[in-house]
Amino acid sequence: MKLILAPMEGLADYWVRRALTDVGHYDWCVSEFVRVSGMLLPPRVFYRWCPELRDGARTRAGTPVHLQLLGSDPACMADNAARAVELGAPAIDLNFGCPAKTVNRHRGGAVLLDEPELVHAVTAAVRRAVPEPVPVSVKMRLGNADDARALDNARAVEDAGAAWLTVHGRTKRQGYRPPAYWDRIGAIREAVSLPVIANGEIWNVEDARRCQRESGCPDLMLGRGAVADPLLVRAVRGGAPASWPEVLAVLGDFGESIFDTGTEPQLCGRVKQWLSYSRRRWPEAAALLQSVKRETRIRPLVATLHRTA
């Protein structure tokens, strides 16, 4: 069983990846997407979205970080993939799943699932552009408006030479509304021979086991559930479930790590965002969030976390 930390735009950045991989064993994690649009990007852009490239493309705990690209031009995607590998990316992941309206309006993310031929062209171009030992993978949803082309897209990815395919079990139109259709991931798994990783709506160990049963996929990608419960990966691997003090310790360490990386209100917002996710798993998080909701200074906020723990 492989467990992977998902690329979550606006959430799982360098600091969150570091915090989560410090306390849980992931086989690898994936960066937020690097948007590719008509030009070869300078190195600073890759370093911005994946600072781990400066440290051997690994988090502080040693977890490999795969770099994700998003775009629709095969040649430009290929050029940028080659540059990312030159900068140290150990693997390239291609984003055909982002549901964001701004991204979709510019022909990126999930809307490309209406064009399996283009999905194939982008994947094949990137596969040709990077050295053979460097894996090229794809993350997609079941579809854009519907899942009618799900199998066509999966076969296109396989024919293009992808090493594995991660499938989020919802269409773009379904967004993040539950449920995730794990059985439909299973239909994709049965239609291709490359490994398929299941993703979507895995909030606890019971969800993980049911996802594995319904999809037939032993390998899982954990996303928002891994933020709600930072030690979910430990429990899925058969370890002890997290305690609330352990979760608070992770949040406190995360808060300390982001000191001086933004404005005080921004940094407080990041900690509160994490607490908000934790409410789903920990009732104590709701009361704590209520008590700090007006706090706009990061150090007093983190001090409150440590006192509560």
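Read on for an overview of the structure. Values in this document were obtained by computation on a predicted structure and should not be read as measured data. (Residues numbered from 1 in each chain as written. Predicted model: local features only at pLDDT ≥ 70, side-chain atom pairs only at ≥ 80, totals over all residues. Heavy atoms only, no water.)

### What to know about the overall build of the chain
Here is step 1 of the chain: A count of helical and extended segments in the chain gives 14 helices and 8 strands.
Here is step 2 of the chain: Relative to the globule expectation of 19 Å for 309 residues, the C-alpha radius of gyration of the chain, 19 Å, shows essentially globular dimensions.
Here is step 3 of the chain: On the principal axes, the C-alpha backbone points of the chain span a range of 55 × 45 × 35 Å.
Here is step 4 of the chain: The 309 residues of the chain split such that 56% are buried.
Here is step 5 of the chain: Taking the contacts inside the chain whose residues are at least 6 apart along the sequence as the reference set, 70% of them involve residues at least 24 apart.
Here is step 6 of the chain: Of the roughly 12,900 Å² that the chain leaves accessible, carbon and sulfur atoms contribute 50%.
Here is step 7 of the chain: The average position of the 41 basic charges and that of the 35 acidic charges among the side chains of the chain differ by 5 Å. (Helix = DSSP H or I, 4+ residues; strand = E, 2+ residues; numbered from the N terminus. Rg over C-alpha atoms; globule rule 2.2 N^0.38 Å. Buried < 20%, exposed > 50% of the residue type's maximum accessible area, 1.4 Å probe, protein only. Contact = heavy atoms within 4.5 Å. Areas by Shrake-Rupley, 256 points an atom, 1.4 Å probe, with all protein chains shown as cover. Lys, Arg positive; Asp, Glu negative; His and termini not counted. Charge placed at Lys NZ, Arg CZ, Asp CG, Glu CD.)

### Let's talk about the pattern of salt bridges
Here is step 1 of the chain: Within this structure, the stated rule accounts for 16 salt bridges.
Here is step 2 of the chain: The salt bridge partner of Glu246 is Arg234, with a shortest N-O separation of 3.0 Å. Taken as a pair, Glu246 in helix α11 (residues 244-257) and Arg234 in helix α10 (residues 232-236) lie far apart in primary sequence, 12 residues in all.
Here is step 3 of the chain: For Glu246, a relative accessible area of 30% gives the class partly exposed.
Here is step 4 of the chain: Salt bridges linked by common partners bring Arg170, Glu201, Arg224 and Arg280 together as one network. (Salt bridge = Lys/Arg side-chain N within 4 Å of Asp/Glu carboxyl O.)

### Some remarks on the sheet that holds strand β1 (residues 3-5)
Here is step 1 of the chain: With respect to topology, 8 strands assemble into a closed barrel ordered β1-β2-β3-β4-β5-β6-β7-β8, the strand pairing being parallel. Direction aside, neighbouring strands of the sheet carry axes that sit 30° apart on average.
Here is step 2 of the chain: Summarising the sheet, strand β5 (residues 136-143) and strand β6 (residues 165-171) pair through 5 bridges and their orientation is parallel. Bridge pairing in β6 places Val138 opposite Leu165.
Here is step 3 of the chain: Across the sheet, helix α1 (residues 14-23) touches β1, β2 (28-35) and β3 (65-70), and the angle it forms with β2 is around 170°.
Here is step 4 of the chain: Against the sheet, helix α5 (residues 116-129) touches β4 (92-96) and β5, its axis set at about 165° to β4. (Pairing = 2+ DSSP bridges. Axes fitted to C-alpha atoms, helices over the stretch in contact; angles between N-to-C directions.)

### Brief notes about the pairing of β4
Here is step 1 of the chain: With 5 of its 5 residues buried, β4 lies for the most part within the structure.
Here is step 2 of the chain: Taking every second residue as pointing to the same face, both faces of β4 are buried, with Ile92, Leu94 and Phe96 on one and Asp93 and Asn95 on the other.
Here is step 3 of the chain: Here 3 bridges tie β3 to β4, and the two strands are oriented parallel to one another. Bridge pairing in β4 places Leu67 opposite Ile92.
Here is step 4 of the chain: In terms of strand pairing, β4 meets β5 through 5 bridges, oriented parallel. Across the sheet, the residue bridging to Asp93 is Ser137, located in β5.

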